[in-house]
Amino acid sequence: QQPVQSPQAVILREGEDAVINCSSSKALYSVHWYRQKHGEAPVFLMILLKGGEQKGHEKISASFNEKKQQSSLYLTASQLSYSGTYFCGTEIYGNQFYFGTGTSLTVIP
Amino acid sequence: DTAVSQTPKYLVTQMGNDKSIKCEQNLGHDTMYWYKQDSKKFLKIMFSYNNKELIINETVPNRFSPKSPDKAHLNLHINSLELGDSAVYFCASSLFPGPNQPQHFGDGTRLSIL
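Residues numbered from 1 in each chain as written. Chains lettered and ligands numbered in written order. Predicted model: local features only at pLDDT ≥ 70, side-chain atom pairs only at ≥ 80, totals over all residues. Heavy atoms only, no water.

Undergrad: Can you explain the sheet that holds strand β6 (residues 54–57) of chain A? Please cite residues and give values.
TA: Residue and element names in this part refer to chain A. What the five strands build is an open sheet, ordered β1-β3-β8-β7-β6; its pairing is antiparallel. The sheet is open, and its two edges are formed by β1 (4–6) and β6, each paired on a single side. With strand direction ignored, the average angle separating the axes of adjacent strands in the sheet is 15°. Relative to strand β3 (residues 18–23), β1 runs antiparallel, the two sharing three bridges. Residue pairing across strands places Q5 opposite C22, the latter belonging to β3. (Pairing = 2+ DSSP bridges. Helix = DSSP H or I, 4+ residues; strand = E, 2+ residues; numbered from the N terminus. Axes fitted to C-alpha atoms, helices over the stretch in contact; angles between N-to-C directions.)

Undergrad: Describe the sheet that holds strand β1 (residues 4–7) of chain B, listing the residues and the values that go with them.
TA: All names here are of chain B. Taken in spatial order, the four strands of this open sheet run β1-β3-β8-β7, and their pairing is antiparallel. Two strands lie at the open edges of the sheet, namely β1 and β7 (64–70), each paired on one side alone. Geometrically, the sheet is characterised by an average inter-axis angle of 20° between neighbouring strands, direction not taken into account. Pairing between β1 and strand β3 (residues 19–25): four bridges, direction antiparallel.

Undergrad: Describe the side chain of B:Q101, with residues and values.
TA: Topologically, B:Q101 is positioned in the loop between β9 (87–94) and β10 (104–105). Separated by 3.3 Å, the side chains of B:Q101 and B:N100 make a polar contact. Not counting residues within four places of it along the chain, the set of residues in contact with B:Q101 comprises A:H32, A:I47, B:S94, B:L95 and B:F96. (Polar contact = N/O pair within 3.5 Å; in protein donor to acceptor, adjacent residues only side chain to side chain. Contact = heavy atoms within 4.5 Å.)

Undergrad: Go over the environment of A:G51 with me, naming the residues and quoting the values.
TA: All names here are of chain A. By secondary structure assignment, the location of G51 is in the loop between β5 (42–48) and β6. On a C-alpha basis, the gap between G51 and A62 in space is 12 Å, while along the polypeptide they are eleven residues apart. With near-sequence residues (within four places) excluded, G51 lies in contact with F64, N65, E66 and K68.

Undergrad: With reference to specific residues and values, describe the interface of chain B and chain A.
TA: Bring the parts together and some accessible area is lost; that lost area is often taken as the interface size. Contacts between the two partners involve 21 residues from chain B and, on the opposite side, 23 residues from chain A. Here chain B meets chain A over a buried area of about 1800 Å², counting both sides, of which 57% is carbon and sulfur. Of all residues in chain B, B:K41, B:L43 and B:P99 give up the largest surface area on contact with chain A, accounting jointly for 30% of the area buried on that side. Taken together, the connections running from chain B to chain A amount to zero salt bridges. Between chain B and chain A we count four residue pairs in polar contact (both at pLDDT 80 or more) in total. Among the elements of the structure, β4 (31–37), β5 (43–50) and β6 (53–57) of chain B are those that each provide at least two residues to the side of chain B that touches chain A. Each residue belonging to the side of chain B that touches chain A can be placed in one class, and the counts come to eleven nonpolar, six polar and four charged. (Buried area = accessible area lost by both parts, 1.4 Å probe. Salt bridge = Lys/Arg side-chain N within 4 Å of Asp/Glu carboxyl O. Nonpolar A, V, L, I, M, F, W, Y, C, P; charged D, E, K, R; others polar.)

Undergrad: A description of the state of the cysteines should follow, citing residues and the corresponding values.
TA: Residues and elements named next belong to chain A. Following the criterion strictly, the structure yields two disulfides over all chains and no others. For C22, the disulfide goes to C88, at an S-S distance of 2.1 Å. What sets the handedness of the C22 and C88 disulfide is the S-S torsion sign, and at about 75° it is right-handed. Taken together, the residues span a long stretch of sequence, with C22 in strand β3 and C88 in strand β9 (residues 84–91) at a distance of 66 residues. Classification of C22 by relative accessible area gives buried; the value is 1%. (Disulfide = S-S within 2.5 Å. Buried < 20%, exposed > 50% of the residue type's maximum accessible area, 1.4 Å probe, protein only.)

This is the structure:
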């Protein structure tokens, strides 16, 4: 049931862009995105509820495809502070909530 | 003020012992969760309570028993600790259960079994 994220890890230079994908074999009620810095708690970024929805958060935005089986997180002009592990979180049946496999993002100067 | 607070932050103990982790939220949320994050960073939901009632109970050994004395508190008691229980345990809360509710996490409890 756990959604699969790709890539597993990515290294960027400051100012570069990245895309993180989250895929499920079943249609999802919603997609959450969280960022977890090393040794800290996951922090909520955004939620997408509708197929075709796009949402932005400063230079971080996300989309949810029409079939509601895939979401992508877009990080543009990356900053050092973007480093961390990004998780999608999805709800499939009722209150059954699953986090994705995680993507480690490292931004270097 | 810390929104979701967990105690203790670190817990080092021996196999076979029983231990508890406490969680409190001051956000006025109705729903609370326990997650386990293993060494590979996989985050897995264990339990969820809504207004003191259990609503999610994933496949977790019955050595793990959650208790919610009121909707602001969700504690986790673990009996007969095993090596495989070593992990970071996160408490979280949301306003309500449901797909459109962001979750707010505590700082985690790092459990190490010797």
